[in-house]
Amino acid sequence: MANALRALAMDAVEQAKSGHPGLPMGAADIATVLFTRFLKFDPADPAWPDRDRFVLSAGHGSMLLYALLHLLGYEKMTIEEIKRFRQLGSITPGHPENFLTPGVETTTGPLGQGLGNSVGMAIAERHLAAVFGPELVDHRTYVLASDGDLMEGVSQEAIALAGHLKLNKLIVLFDDNGISIDGPLSLADSVDQVKRFEAAGWAATRVDGQDPEAIARALTQAQSSERPSLIACRTIIGFGAPTKAGTEKTHGSPLGSEEIKGARERLGWPEPAFVIPAEVREMWRSAGAAGAAAHQAWRERLNAAPGSSRSEFERRVRGELPKGELTAAVRSVKEKLAATPKEVATRAASETALEALTEALPEMIGGSADLTGSNNTKPKGMTVLSAADYSGRFIHYGVREHGMAAAMNGMALHGGIIPYSGTFLVFSDYCRPAIRLGALAGQRVMYVMTHDSIGLGEDGPTHQPVEHLAALRAIPNVHVFRPCDAVETVECWQLALERPGSPSILALTRQNVPQLRHGFEQTNRCATGAYEIVPAEKEAEVSLFATGSEVSIAVEARKLLGERGVSARVVSVPCFELLRERPAAERLQILGRAKVKVAVEAAVRQGWDEIIGADGVFVGMTDFGASAPYKDLYRHFGITPDKVAEAALSKLGKA
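What counts and what doesn't
- Residues numbered from 1 in each chain as written.
- Predicted model: local features only at pLDDT ≥ 70, side-chain atom pairs only at ≥ 80, totals over all residues.
- Heavy atoms only, no water.
- Pairing = 2+ DSSP bridges.
- Helix = DSSP H or I, 4+ residues; strand = E, 2+ residues; numbered from the N terminus.
- Axes fitted to C-alpha atoms, helices over the stretch in contact; angles between N-to-C directions.
- Contact = heavy atoms within 4.5 Å.
- Phe/Tyr/Trp six-rings, centres within 6.5 Å; stacked < 30°, edge-to-face > 60°.
- Buried < 20%, exposed > 50% of the residue type's maximum accessible area, 1.4 Å probe, protein only.
- Right-handed = clockwise from strand over helix to strand, strands pointing away.
- Parallel < 35°, antiparallel > 145°, perpendicular 65-115°, else oblique.
- Left-handed = near helix turned anticlockwise from the far one by under 90°.
- Nonpolar A, V, L, I, M, F, W, Y, C, P; charged D, E, K, R; others polar.

Enquirer: Got a minute to help me understand the sheet that holds strand E2 (residues 141–145) in this structure?
Expert: What links the strands of a sheet is backbone hydrogen bonding, and the strands pair in either a parallel or an antiparallel sense. The sheet built from 5 strands is open, its strands ordered E1-E2-E3-E7-E6 with parallel pairing. Each edge of the sheet is formed by a strand with only one pairing partner; in this case those strands are strand E1 (53–56) and strand E6 (203–208). Within this sheet the neighbouring strands show an average axis-to-axis angle of 20 degrees, counted without direction. Seen against the sheet, helix H10 (residues 212–223) touches E2, strand E3 (170–176), E6 and strand E7 (229–234) and runs at an angle of roughly 170 degrees to E6.

Written out as structure tokens, the structure is:
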């Protein structure tokens, strides 16, 4: 059975003239034992909520996973798809993509990300089991990780968090083959991974990764552990290849026809390329069918569950928001702000919004990377999720931004949870690889990123984001929201929650900002991405565009222009991406036809030209910030109402 995996992997890579045959050939015994004797799944329903999760963190070994899916009977993974490995339009891309291939749990390839995702999946399982009971939620998360996964820094953040939370249903199988792309692992690394994991609170052991019974014994022991488990499986990369096995030559290149011929002889596999003997195929299909009974038993338990619990569980798993509750929560916050306007930081406005939203949406799980009091992500009364109480809804991630972001992707991928968490906007750099993969995978993950500009003040340029808004806006399928006041903040939260297929960033201020929206409006004005927040008194000569804390600066600049006889309008632009999605005619109407367009943002210009044009005027940052009280900084860098008005007048030729 293991040789069937090896054969399909080396044949597909050879046909594609591209790929990584070494890992599938070396780890085939591990995968065979896991999928035929331990993993709970049903190929007839790849999305069965209580299935075990298998994460191929070593995504370069994707042919191992595709071969498994094919042999186990996943309908869409035909032999023709195996033959189309790495070809345009196939469901067998170079690295696994969850949105493309049924049976693939997460999008991996950048090393360490899958391991980070698995921690989030394990957290999700424990939390949902605490909420709905083990009758509905009782499964494990298994990971196949490479030495590269364990060298990446995110792995330390992930395993430390998992050990701290005692996620005992998380089991990592380490393909310990001692080889990296450059050659022997000893060129770059000498870490004892077993001791490292033990130090992080894991149970850890070593086994012969080519000995099925040794693997099975280790997995049996791991299933009864009170801690997460690492099984370091010593393997031979490219197992079976006559001259290349055990070397980097099998890592990232096809074996070549002669090497494949020799491998077939060594493995006792005489079949032609892509041919699986009937008796081997039947053994694999029988293993695939074995999970149907467990699936049916779970279905019966679900049907026997109390109606309210069953319907709530099914709603959360579908990712549907509760009907009416979100709208009512947003309306409540906006009505209170209409009655009692607030001049507060948008991070504080976010906390107010979260108090209503988390009560309405019990699937929201919050957190912070050791900045809870600064990010304002823990609403009053929200209990902490811990090893002692998995029913809690707030996670203290510690100073682990990258691990936090990867774990949130895993929670979203698991289903049943809407994760959000906080850090400073400047530290989005630490989260970026996971944000990008969350965008590619199409997951609803929300980042509360506070201290969003030089407005944070005295902490200085190391903490003042300048290029970060542009960098985040550059990632496809990420929505970056920068609200200008308390009303826009709750509206942006609503829009983020209502977008199930993309991550969202809420960039929020440390400093107080005035409430610019007065009176109650049912309509979510931020939904168009930009809107006229203050109209011109007559036909506008100048359009002032701004985001976040700079919208109030633009409003004051409009008054100064009026005193000079210049009619100006102010357009708030809380989300570039939503504006871009609007029809061209509507965008033109929002942007207007004023002779002069001025943008104001305490960040770099990049990205603004699509709104103000190449000849538009930009008032913002061109360099790093400085350490000083924030009002001094705005004056120092020329981001003030009078400087905005001067720039507009100069462009009009009226300076």
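There is more to say after this.
Enquirer: What's the story with the side chain of Asp 29 in this structure? I'm lost.
Expert: Secondary-structure assignment places Asp 29 in helix H3 (residues 28–37). In contact with Asp 29, other than residues within four places in its own chain, are Ala 2, Arg 6, Gly 209, Gln 210 and Ile 215.

Enquirer: Please explain the sheet that holds strand E8 (residues 364–368) as it appears in this structure.
Expert: With parallel pairing, the 6 strands of this open sheet are ordered in space as E9-E8-E10-E11-E13-E12. Two strands bound the open sheet, and with one partner strand each, they are strand E9 (394–396) and strand E12 (479–481). Neighbouring strand axes in the sheet, compared pairwise and without regard to direction, differ in orientation by 20 degrees on average. Note: E8 against E9, 3 bridges, orientation parallel. Within the sheet, the bridge partner assigned to Gly 367 lies in E9 and is Ile 395. Of the strands in this sheet, E8, strand E10 (418–424) and strand E11 (446–450) touch helix H16 (residues 346–360), which is tilted by about 150 degrees from E8. Helix-sheet contacts for helix H19 (residues 428–441) involve E10, E11 and strand E13 (504–507), and the interaxial angle to E11 is about 165 degrees.

Enquirer: Whenever I open this one, the packing of aromatic side chains confuses me. Can you help?
Expert: Where two aromatic rings form a pair, the distance of their centres and the angle of their planes describe that pair. Evaluation of the coordinates by the stated rule reveals 14 aromatic pairs. Geometrically, the ring pair formed by Phe 424 and Phe 427 is stacked, given 5.9 Å between the ring centres and 15 degrees between the ring planes. Since its relative accessible area comes to 17%, Phe 427 is described here as buried. Considering the side-chain rings of Phe 576 and Trp 608, the 4.8 Å spacing of their centres and the 80 degrees angle between planes classify their relative orientation as edge-to-face. With Phe 576 in helix H23 (residues 576–581) and Trp 608 in the loop between strand E17 (596–601) and helix H25 (609–612), this pair connects stretches of sequence that are 32 residues apart. The residues Phe 576 and Trp 608 share a single accessibility class, namely buried.

Enquirer: What is the right way to look at the pairing of E6 in this model?
Expert: Side-chain direction in a regular strand flips from residue to residue, so the side chains alternate between the two faces of the sheet. As defined by bridge partners, E6 adjoins E7 across 6 bridges and the pair is classed as parallel. Residue pairing across strands places Thr 205 opposite Ile 231, the latter belonging to E7. Each parallel crossover has a hand, and for E6 linked through H10 to E7 it is right-handed.

Enquirer: Got a minute to help me understand unusual backbone geometry in this structure?
Expert: Only a minority of non-glycine residues have a phi that is not negative, and only a minority of peptide bonds are not trans. Positive phi, normally seen in glycine, also occurs at Phe 274, with a value near 70 degrees. A relative accessible area of 10% places Phe 274 in the buried class. In this structure, His 451 is a non-glycine residue whose phi angle is positive, near 55 degrees. Residue placement: His 451 occurs in the loop between E11 and helix H20 (468–473).

Enquirer: Which parts of the structure should I look at to understand the packing of helix H1 (residues 2–16) against helix H4 (residues 62–72)?
Expert: When two helices pack together, their arrangement is given by the angle between the helix axes and by the axis-to-axis distance. The geometry of H1 relative to H4 is characterised by a closest axis approach of 9 Å and an angle of 120 degrees between their N-to-C directions. Between H1 and H4, the angle falls in the class oblique. Considering how the two elements wind past one another, H1 and H4 form a crossing that is right-handed. Seen from H1, the contacting residues are Ala 4, Leu 5, Leu 8, Ala 9, Ala 12 and Val 13; seen from H4, they are Met 63, Leu 64, Ala 67, Leu 68, His 70 and Leu 71. For the contact of H1 with H4, the residue count by class is 11 nonpolar, 1 polar and no charged.

Enquirer: Help me out: how do you make sense of the pairing of strand E16 (residues 568–572) in this one?
Expert: Among the 5 residues that make up E16, 5 are buried, leaving the element largely enclosed by the rest of the structure. Side-chain alternation along E16 places Ala 568, Val 570 and Ser 572 on one buried face and Arg 569 and Val 571 on a second face that is also buried. Direction of pairing for strand E14 (residues 531–534) relative to E16: antiparallel, over a ladder of 3 bridges. Directly across from Val 534, in E16, lies its bridge partner Val 570. Across 5 bridges, the pairing between strand E15 (residues 542–546) and E16 is parallel. Counted as the bridge partner of Phe 545 is Val 571 from E16. After leaving E15, the chain enters helix H22 (residues 550–563) and then returns to the sheet as E16, a path that is right-handed.

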